[in-house]
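# Examining the three-dimensional arrangement
Residue-level listing of the chains:
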Amino acid sequence: MFGQLLASLTDGLLLGFVYGLAAMGLSLIWGVMTVINLAHGPVIAMGMFGSYFLFIQAGVNPYLALLPVASLGLVAGFLIYGTAVHWVIDAPHLSSLLATFAVNMIIIGLGTAAFTTSPHNIDYPLGALRAGDWFSVSYTRLIAAVAAVAITAGLYLFLYFTRPGKAIRAVANNRMAAELMGIPSAYILALSFGIGTMLAALAGGLIATFFPFTILSGGPYELKSFVICVLGGLGNPLGALVGGLLLGGLEGIIPTIMPVSWVPVVEFGLFVLVLLVRPTGLFGAK
Amino acid sequence: MRKPWFCVLVVLTVFGLMLSGCGKSESPPPAAKKEAKPAEKPAVAEPAKKAAGGVREVVIGFTSSQTGKLNVEATRQINGVTLWMDQVNAAGGVKLPDGTVVKFTAKYYDDESKKERVQELYTKLINTDKAEFLISPYSSPLAEAAALIAQQNNRIMLTAGAASDSTYRMGFTLIYQTYTPSSRYLTPAVDVLAKLAPGAKKVAIVHEKDKFSTDVVKALDAYAKSKGFEVVLFEGYEPGATDFAPFINKIPAGVDAIMGGGHFADTSTFARQVFEKGVKAKMVALLVAPPEPKFAELGEAALGVIGPSQWEPAAKYTPEAAKVLNVEWFGPSINDFTESYKAKFKGEVPSYHSAGGYVAGLLIQYAIAKAGSVDTQAVKKVLDGCDLATFYGRLKFDNTPQNHGLQVGHEMILTQWQKDPQGKLVNQVVYPEAFRTAPTALYPRN
């Protein structure tokens, strides 16, 4: 029993890092421009397909494929921001919500037409780290977790030690004051949105290394991202990572001790509890 | 400035909704389009003799999961139906004794793999599109939802991809099953395991908690225990699950066989994770996904996985074998079906889902021809009494009130992914032994 718990907790936590990475993108966008990006799920799915096609068509190692996938995610973010979000950035939240929902539907529609909803798979097994007969963790999850931590560290270095990063933080703090200091907020907002979608695409690229996927596969991760953002604190990227770990850990442990149908009950119960007791999230909103 | 952009976004949203299938397409398959010529269709269930000597268009209605989690299986099924309709129409249709020629037209919609869409769409198929005969959507829950509408509206429905036994115990009188019932899906795997590894004792069952898979594993559990096996794990996962690690971690060390699964998406993910986690077992036998050619995309993770199949191109159902059984043969040979399917669908090898779709249409054709009418009661009488051999195997329906329409003639096949001498993955028939293409092999990590 202990072995089962440990193995499932490890599996869940490793997956939680990737959940956290996906949620970080959503959190960053909310933190900087208070936009709830409903196109987050399809962007995660685009990251999956990006890795898939680079692997299948060009034979690119799925981990090296993360570099072009990140670039594509960034460009996709600029495009989405420029066409759908920028024009409603100061409008009530419902407008940006509808705008990103429209993008969500367009990407899913085009993706369904192009790729159907048949599952796709990146056949790149790396085996498992084993300890006796009771503990095993697949290397694809381990690598994904390490990559998620590295990307998070990179994001922090970018936000705290580069001029554009500091500008993002300034705009997030007080957009008008930042503009008065000469920061071109429109560009910074576009950059923030781009980085947010880049993180989502990277999460998709990593998930694709261990789960088969369809164009609809981003949906559940988008939903998890909302829960994680509330758990960790909306707009707080580090909180998103910790929230991801919490969610992943719960998903790992609960099925080992009670029926799996309890997973959403516990997850969303916790979600409501955090909203009631600590509405700014466990780590506070930023 | 913002208003025009917002209008554009609204337009794009509508466009996106249309594309993603929220208001789903109504176009018949290409093959059906060619046939949908006559404008004046006869009234529903109008006796064929009114069109005596002429051409009588019969609308076959169905929904198909063109999007959603059942897309792979449903697409193959619809391919089978389309091929059947192409062939029967190209061959001049079905000639009735009064000289009327029955030709078939397809009407179908995307049910998005959602049960709630099915009843609405089947009602539309019957009332608006005037479908006279129905073919079920893929999967037991969807087919059961459609069966209620078919029965209420006095329409015969052939189910394909709907193996759950319980559907046929609900008192329906017009619903006929083409698949071997789910209670007999995985039971042959237990017999194969007993032969393959005589010392094997422990079986772990991990399954999707849907109607079909639950029916399968309940029967499997009882059968395995009756054969002296110990079921060391019996665990269900929610439909739509993607991470199976917690379930795989529960599989005790020293297990001899892992059985279960659900549908294509979850089962292929489960097989991949079992492989990645390096679980040791002598046999891995899973539902639905392994017989699909697409399962080979899993690469090494597919190797050694056994799957129950309703039909395989390598099966040996022939007119000669039918003669020996003293059963009437009807329809194309296995080779004719396989080759014409490959020719129509760019070389794609038909799976049992494709064959199931084809044979559902073939049964409607047979029953109309035999009844000499398209009248529901006349066709029902033929189906109730039929005992038929086809390229797909033997077909016979239970006609008792308790299990009306349940398939009692058809037998399961087991396939296993193995490597050919060139190292390429091929799906071999390993059961029944009478026409296996290769002996069963142990799961690579045993």
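Above this text is the structure in question.
First, a word on scope: everything that follows refers to the structure included in this document.

Procedures and definitions
Residues numbered from 1 in each chain as written. Chains lettered and ligands numbered in written order. Predicted model: local features only at pLDDT ≥ 70, side-chain atom pairs only at ≥ 80, totals over all residues. Helix = DSSP H or I, 4+ residues; strand = E, 2+ residues; numbered from the N terminus. Rg over C-alpha atoms; globule rule 2.2 N^0.38 Å. Buried ≥ 20, exposed ≤ 12 C-beta atoms within 10 Å, placed from the backbone. Contact = placed C-beta atoms within 7 Å. Pairing = 2+ DSSP bridges. Nonpolar A, V, L, I, M, F, W, Y, C, P; charged D, E, K, R; others polar. Axes fitted to C-alpha atoms, helices over the stretch in contact; angles between N-to-C directions.

Okay, the overall build of chain A next. Secondary structure summary: chain A contains eleven helices and two strands in total. For 286 residues, the compact-globule estimate of 2.2 N^0.38 gives 19 Å, and chain A sits close to it at 19 Å. Projected onto the principal axes, the alpha-carbon positions of chain A cover approximately 65 × 50 × 35 Å. Sorting the 286 residues of chain A into buried and exposed places 56% on the buried side. Sequence-distant contacts in chain A: of pairs separated by 6 or more residues, those separated by 24 or more amount to 77%.

The next thing to look at is the sheet that holds strand β14 (residues 393-396) of chain B. All names here are of chain B. With mixed pairing, three strands are arranged side by side in an open sheet as β12-β13-β14. Edge strands, defined here as strands with exactly one partner in the open sheet, are β12 (328-329) and β14. For strand β13 (residues 387-390) and β14, the ladder comprises four bridges, and the chain directions are antiparallel. Pairing of A389 across the sheet is with R394, part of β14.

Turning our eyes to something else, we now look at the interface of chain A and chain B. Contact residues are listed per partner, giving 41 residues for chain A and 40 residues for chain B. At the level of elements, α1 (2-33), α4 (93-115), β1 (128-131), β2 (135-138) and α10 (237-257) of chain A are the ones that each hand at least two residues to the side of chain A that touches chain B. Among the elements that line the side of chain A that touches chain B, the one with the most residues is α4 of chain A, at nine residues. Looking at the side of chain A that touches chain B residue by residue, the class counts come to 21 nonpolar, 15 polar and five charged.

Counting through the fold element by element, V382 of chain B comes out in helix α13 (residues 376-385). Here V382 of chain B is in contact with A367, K370 and A371 of chain B, once residues within four sequence places are set aside.

This part covers the pairing of strand β15 (residues 413-419) of chain B. All names here are of chain B. Most of β15 sits inside the fold, with six of its seven residues counted as buried. Bridge analysis of strand β11 (residues 305-309) against β15 gives four bridges, and the strand direction is antiparallel. Bridging from a neighbouring strand, S309 pairs with I413 of β15. Hairpin connection of β15 to strand β16 (residues 425-431): five residues between the antiparallel strands, including G423 at a positive phi of 85°.

Mapping L79 of chain A onto the fold places it in helix α3 (residues 66-85). Between the C-alpha atom of L79 of chain A and that of E179 of chain A, which follows or precedes it by 100 residues, the distance is 23 Å.

Moving on, we come to the sheet that holds strand β8 (residues 230-237) of chain B. Residues and elements named next belong to chain B. As summarised here, the arrangement of the seven strands in space is β8-β7-β9-β10-β11-β15-β16, forming an open sheet in which the pairing is mixed. Edge strands, defined here as strands with exactly one partner in the open sheet, are β8 and β16. Going across the sheet, the axis of each strand differs from the next one's by a mean of 25°, ignoring polarity. As paired elements, strand β10 (residues 283-286) and β11 share two bridges and run parallel to each other. Its bridge partner being in β11, V284 is matched across the sheet by V305. Along the sheet, helix α7 (residues 211-226) makes contact with β7 (202-208), β8 and β9 (257-261), crossing β7 at roughly 170°. Contacts from helix α9 (residues 264-276) reach β7, β9, β10 and β11 within the one sheet, and its direction differs from that of β10 by about 165°.

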